[in-house]
Each structure stands twice: as C-alpha cells, then as structure tokens.
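Inside the fold
The chain contents come next:
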Amino acid sequence: MGIRSFLAFELPLRIKERVGQISNELRQSRLPVRWVKVDNIHLTIVFLGSVTEETIAGVKLKAGSITERFSAFPIRLNGVGAFPNLRRPRVLWMGLDGEIEGLSDLRDELQEALVEFGFKPENRPFRPHLTLGRFKDTVNRDEELKWILDRFHDITTDDDYLKELVFFKSELRPAGPIYTKMAAWPLKMH
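Quick caveat: nothing in here was measured; it's all calculated off a predicted structure.

How each quantity is defined
Residues numbered from 1 in each chain as written. Predicted model: local features only at pLDDT ≥ 70, side-chain atom pairs only at ≥ 80, totals over all residues. Heavy atoms only, no water. Helix = DSSP H or I, 4+ residues; strand = E, 2+ residues; numbered from the N terminus. Expected span 1.5 Å × (residues − 1). Polar contact = N/O pair within 3.5 Å; in protein donor to acceptor, adjacent residues only side chain to side chain. Patch = residues over 30% accessible without salt bridge, like charges linked within 9 Å, V, L, I, M, F, W, Y side chains within 5 Å. Areas by Shrake-Rupley, 256 points an atom, 1.4 Å probe, with all protein chains shown as cover. Salt bridge = Lys/Arg side-chain N within 4 Å of Asp/Glu carboxyl O. Lys, Arg positive; Asp, Glu negative; His and termini not counted. Charge placed at Lys NZ, Arg CZ, Asp CG, Glu CD. Buried < 20%, exposed > 50% of the residue type's maximum accessible area, 1.4 Å probe, protein only. 1 Å grid on protein atoms, 1.4 Å probe; cavity = no way out; pocket = protein on both sides within 12 Å on 5 of 7 lines; lining within 4 Å. Points joined across faces, edges and corners; volume = space filled by probe spheres on them. Nonpolar A, V, L, I, M, F, W, Y, C, P; charged D, E, K, R; others polar. Core = buried A, V, L, I, M, F, W, Y, C linked by side-chain atoms within 4.5 Å. Contact = heavy atoms within 4.5 Å. Arc of directions from axis to C-beta. Phe/Tyr/Trp six-rings, centres within 6.5 Å; stacked < 30°, edge-to-face > 60°.

The next subject is helix α3 (residues 100–114). Spanning 15 residues, α3 covers 21 Å between terminal C-alpha atoms, matching the ideal 21 Å at 1.5 Å per step. One side-chain oxygen of the residue at the start of α3 lies 2.9 Å from the amide nitrogen of G102, identifying that residue as E99.

This is the structure:
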C-alpha cells in the first residue's frame, strides 16, 4: 500500500491572502464547483501518485540534491481560467507568472531523476496554476463563467517568492484532502 504524494510549493502569505479573497468572491457564484479550501491551495510541481515506503527515502534524497541548486522563484498571480476549455470546463484555476522557465526546469529535473523509482514524467508543457475548484458537472451557466473569467482576467499581485519545495502526503477524505508535510527543502535566496 503506497502513500499518495506530491512535490509542491506552499504560497507566500501575501499571495495566499489575495487568492483567499478571490476564492471567497468566486464562491458567491452559482457555478457547480467543489471549491478547494484556501489552506490547501498550493503549486504542484510533480504529482507522484502512490509512493511505497521503500522509495520515500530515495525520493527525498533526489529531490533534496536537485532543489539545492535552485534559488527562490519570484512569482505573481496572473488571471483566472478554466481547463481544458470554456465549453467543457473541469478545473477553475488561477495562473501564475514570474520565473516560470526556472520552475519548469526544476519540474523537468525532478521528473527525470524520479523515473528510476517508477514515476512517469508529465509530457505536457508546465503551466503553473493554482486549482481553485473542480466542476461537479456540466456548466449551464456559460455567461456567468465568461463574466467571472473576464472580471478576473487581469488580476495580478506584486512579486513574492517560492522559497521551499515540500514533499506532501495526501490523504483523501470525504470532507476534502488532508495534506501532511513529509519533508521540505529551502531554496537559496538571491
């Protein structure tokens, strides 16, 4: 039996507070969305899936040795959108801007290093986003969704820094997932 886990960054406080304000506004809509608790919103770098007890130490070692070569990443919020598209949205997200190329390099290096533990790399380009909610069913409120996306299209914040990569365990519960830190690696400050 494995441990469901992922590598992610927690949000800097100022960005998290802004995400919380926007999320609370969006919750006032009548969209059929299961909202993510603001404290659970994070930037996933690599979803590991089920990790066996035997591979945890190796994953930690690899992630630590890769992370120590990276500096903190400046980021800022950048609009709200929906995956995969507006006709059949499944995820409502908030975009990020900033040092995206560096984040993508970190993700690629981590994925490559973790292949030896049986992880399959994500082939899609890295599109950093924060999941605000998942649609429960088909959206009949196209106009409301378009209005929300237009309203929050140019939302942004001042730059802040992602300073620590975290290895999270995820326990799925009826009331929502519980995330537990299993390890963390600070990034170099500029």
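On the surface, a cluster of positive charge is made up of R4, R34, R134 and K136. Mapped onto the elements of the fold, R134 is located in strand β6 (residues 129–135). The class for R134 is partly exposed, based on a relative accessible area of 40%.

Turning next to the layout of surface pockets. As a volume, the largest pocket reaches approximately 1500 Å³. Along its surface, the largest pocket is lined by 43 residues, and T44, V91, H129, T131 and R134 are the ones closest to its centre. Mapped by element, the contributors of at least two residues to the lining of the largest pocket are β1 (3–9), β2 (33–35), β3 (43–51), α3 and β6. Of the residues contributing to the lining of the largest pocket, the split by class is 24 nonpolar, 8 polar and 11 charged.

If you look at the biggest cluster of nonpolar residues, it comprises 52 residues, and the most contacted ones within it are F9 and L103. Considering every element that reaches this core, the biggest residue donor is α3, with 6 residues. F9 has contacts with H42, L43, I45, F73, L103, L106, L162, K163, E164, L165 and L187, leaving out every residue within four places of it along the chain.

Bringing helix α4 (residues 142–151) into the picture now. Residues of α4 that are buried: L145, I148 and L149. Along the long axis of α4, the arc covered by the buried residues comes to 95 degrees, so they all point the same way. Facing away from the buried side of α4 by over 90 degrees, the exposed positions are E143, W147 and D150. Contacts from the buried residues of α4 go to α1 (13–26), β4 (73–83), β5 (91–98) and β6.

Moving on to the packing of aromatic side chains. This model, assessed by the stated rule, comprises 6 aromatic pairs. Between F6 and F168, the aromatic rings sit 5.2 Å apart at their centres with planes inclined by 25 degrees, giving stacked as the arrangement. One end of the pair, F6, is in strand β1; the other, F168, is in strand β8 (residues 164–171), with 162 residues separating them in the sequence. Since its relative accessible area comes to 6%, F168 is described here as buried. With 5.1 Å between their ring centres and 85 degrees between their planes, F6 and Y179 make a pair best called edge-to-face. Pair noted here: F6 is in strand β1 and Y179 is in strand β9 (residues 178–186), with a separation of 173 residues, a long-range link. Through a chain of ring-to-ring contacts, three or more aromatic side chains come together here, namely F6, F168 and Y179.

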